[in-house]
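# Descriptive analysis of the structure
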Amino acid sequence: MALMTGDEYVESIRKLKLKVYMFGELVDTPVDNPILRPSLNSVKATYDLAQDPQYQDVATAISPYTGERINRFLNIHQSPQDLVNKVRMQRILGQQTASCFQRCVGMDAINAVFSTTFETDQAHGTNYHERFLKYLKYCQENDLVMDGAMTDPKGDRGLSPSKQADPDLFLHVVERRPDGIVVRGAKAHQTGCVNSHEVIVMPTQTMTEADKDWAVCFSCPMDVEGLYMIMGRQSCDTRKLEGGTLDVGNPDFGGMEALMVWDDVFIPNENVYMDGEWDFSGMLVERFAGYHRQSYGGCKTGVADCLIGAAALAADYNGAQKASHVKDKLIEMVHLNETLWACGLACSYEGKPTAAGNYLVDLLLANICKQNVTRFPYEICRLAADIAGGMLVTAPSEKDFRDPKLGPIVDKYFRGVASVPTENRLKVMRFVENMVHGTGSVAYMTESMHGAGSPQAQRIMISRQADLNAKKALVKKILHIAD
Ligand code: SF4
Ligand code: FE
């Protein structure tokens, strides 16, 4: 079953015995929960795309490890073209869902773990790479969604893991047995976890020797004994319980984040890919972050295509589409978005092979890409809100619109251009609201800021990759300055 259909995927998640808490209660069947279902639909789109013959090149690849056609989300990048196809696929999925489709975290994790385990083995004589390859083949053969978990709660940001008042604030090994390890701790802001079969856990930062027990990387099934999730709230999330589709803005798709807690979970040796090799923690973090910062050049541009489209539609429905300032604002939105896309493509085309043979993005360009993503979507949202008008936050509810007495009044007074049904105008306004203020803003705005690392994390990487000495040498040569 190297390629599941979307429906098979949904049923496979239904079979998992996930422990998901929301509003203080254990969720019975997350798959059917109205608040969670849109996020499942977004992941399902990654399966549907791979089934579509017109997207075969972009959404699938042939695995050199299984010899079969697999979903690109499980691919180990074999060339710069694979990296380019990855961001192309992400842009298409952003365009189709206008949301976070969650599956990229695992794709970025497997590529980072693939190369890091290879180099760890070379330095330490361990056999992590072989273990990982076996696990990877299992996931590829079964077309699983793999989540990637990196961000620890971190407690006091001024202290290293081993110096925290509570050692669990960074996930760590609490016991070593002959057949495996026992881990305790949590990962915060975990995108897509309730819709995943498996999770790969990685350290969150470069560790030192004193933090050895926190330098741990492993995988486990999402329904392993001792693992549970507490759902994060999203603005306007309970609108999904009201039964309609208009007020949610994006009727079918969405994203999700949760706190994942490992309460003394046993991990067998075969699923451990780092245990104490603190000197390779930095490499793993840097590579995962690099891939995920590239990803944002794909997904966020696709999502913004929808937001730009919505702003343009709002202008049409308002009758303002010919105003020169509206046209100029739309041009500015496109300019900003395509600049992000250019960065996503550039870091992909400049990718180079690692010692393990898979391709890594150009880290400097990937960090530039994500740094821009922390800024441009905010401006794109500002312009969308400007074009849409105040109605995007003041329109009455769907219940008023459907009410026999109030409905005709809402219909009459919220109509823009006479030939456009008020309902269509309301739909577009709610969609823009969703993206800039509602559940969609988690994936588009806040995630643009903090997902794949907050802005300062990129600036640190940019300073490391910038090579100012090489730039100084250029000038010295031109000026005939000899040291
Ligand atoms: Fe993928 Fe973008 Fe969601 Fe990250 S934020 S998982 S890159 S869609
Ligand atoms: Fe993300």
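In this text, all values refer to a predicted model and were calculated from it rather than measured experimentally. (Residues numbered from 1 in each chain as written. Chains lettered and ligands numbered in written order. Predicted model: local features only at pLDDT ≥ 70, side-chain atom pairs only at ≥ 80, totals over all residues. Heavy atoms only, no water.)

## Thoughts on the overall build of the protein chain
If you tally the helices and strands in the protein chain, you get 17 helices and 14 strands. For 483 residues, the compact-globule formula gives about 23 Å, and the C-alpha radius of gyration of the protein chain, at 23 Å, lands near that figure. Projected onto its principal axes, the C-alpha positions of the protein chain cover 75 × 70 × 50 Å. Every one of the 483 residues in the protein chain was classed for burial, and the buried ones make up 55%. Counted over contacts in the protein chain with a minimum sequence separation of 6, partners at least 24 positions apart contribute 78%. (Helix = DSSP H or I, 4+ residues; strand = E, 2+ residues; numbered from the N terminus. Rg over C-alpha atoms; globule rule 2.2 N^0.38 Å. Buried < 20%, exposed > 50% of the residue type's maximum accessible area, 1.4 Å probe, protein only. Contact = heavy atoms within 4.5 Å.)

## Side note on the sheet that holds strand β2 (residues 25–26)
Two orientations exist for strands paired in a sheet by backbone hydrogen bonds: parallel and antiparallel. Strand order in this open sheet of six strands is β2-β1-β10-β11-β7-β6, and the pairing throughout is mixed. Looking along the sheet, the strands with just one partner apiece sit at the ends: β2 and β6 (172–177). Here two bridges tie strand β1 (residues 20–22) to strand β10 (residues 227–231), and the two strands are oriented parallel to one another. Each bridged residue has a counterpart across the sheet, and for valine 20 the counterpart in β10 is methionine 229. (Pairing = 2+ DSSP bridges.)

## Considering the domain arrangement of the protein chain
Partitioning the protein chain into domains gives domain 1 (6–278) and domain 2 (283–474). Distance from the C-alpha centre of domain 1 to the C-alpha centre of domain 2: 23 Å. For domain 1, the biggest contributors to the area lost against domain 2 are Leu83, Arg91 and Leu246; these three give 18% of the whole. Our enumeration of links across domain 1 and domain 2 arrives at five salt bridges. Across the pair arginine 91 and aspartate 305 runs a salt bridge whose closest N-O atoms are separated by 2.8 Å. (Domains from an automatic or database assignment. Buried area = accessible area lost by both parts, 1.4 Å probe. Salt bridge = Lys/Arg side-chain N within 4 Å of Asp/Glu carboxyl O.)

## Things to note about the coordination of the iron ion (ligand 2)
The coordination sphere of the iron ion (ligand 2), as far as protein atoms go, consists of Tyr296 (OH) and Glu447 (OE), spread over 2.3 to 2.7 Å. Taken together, the residues span a long stretch of sequence, with tyrosine 296 in helix α7 (residues 281–318) and glutamate 447 in helix α15 (residues 439–450) at a distance of 151 residues. (Donors = N, O, S within 2.8 Å, 3.2 Å for Na, K, Ca; no water.)

## Points about the pattern of salt bridges
Here the structure, examined in full by the defined rule, presents 28 salt bridges. Taking the shortest distance from any N to any O, the salt bridge between aspartate 32 and arginine 14 comes out at 2.7 Å. Of this pair, aspartate 32 sits in the loop between β2 and α2 (37–51) while arginine 14 sits in helix α1 (residues 6–14); the two residues are 18 residues apart in sequence, bridging distant segments of the chain. Looking at aspartate 32, the relative accessible area reads 42%, which means it is partly exposed. Taking the relative accessible area as the measure of exposure, arginine 14 reaches 34% and is therefore partly exposed. Between arginine 103 and aspartate 143 there is a salt bridge, with the nearest N and O atoms lying 2.9 Å from each other. Of this pair, arginine 103 sits in the loop between α4 (80–97) and α5 (104–124) while aspartate 143 sits in the loop between α6 (128–142) and β5 (146–149), placing them 40 residues apart in sequence. Across the pair, aspartate 143 and arginine 103 agree in class, each one buried. By sharing partners, the salt bridges in this structure join Arg239, Asp247, Arg430 and Glu433 into a single network.

## Section: the sheet that holds β5
Reading across from one edge, β5-β8-β9-β12 is the order of the four strands in this open sheet, with mixed pairing throughout. The open sheet is flanked by β5 and β12 (272–275), the only strands paired with a single partner. Averaged over neighbouring strand pairs, the angle between their axes works out to 20 degrees when direction is ignored. Sheet analysis places β5 next to strand β8 (residues 198–201), joined by four bridges and oriented parallel. Directly across from methionine 146, in β8, lies its bridge partner glutamate 198. Against the sheet, α5 makes contact with β5, β8, β9 (216–221) and β12, and its axis sits at roughly 70 degrees relative to β5, the strand it touches most. (Axes fitted to C-alpha atoms, helices over the stretch in contact; angles between N-to-C directions.)

## Remarks on helix α10 (residues 376–388)
For α10, spanning 13 residues, the distance from its first C-alpha to its last is 18 Å, which sits close to the expected 18 Å at 1.5 Å a residue. Listing the buried residues of α10 in full gives Phe376, Pro377, Ile380, Cys381, Leu383, Ala384, Ile387 and Ala388. Within α10, the buried residues cover an arc of 165 degrees as seen down the axis, which keeps them to one side. For α10, the elements touching its buried residues are α7, α8 (324–349), α9 (363–373), α11 (391–394), α14 (422–436) and α15. (Expected span 1.5 Å × (residues − 1). Arc of directions from axis to C-beta.)

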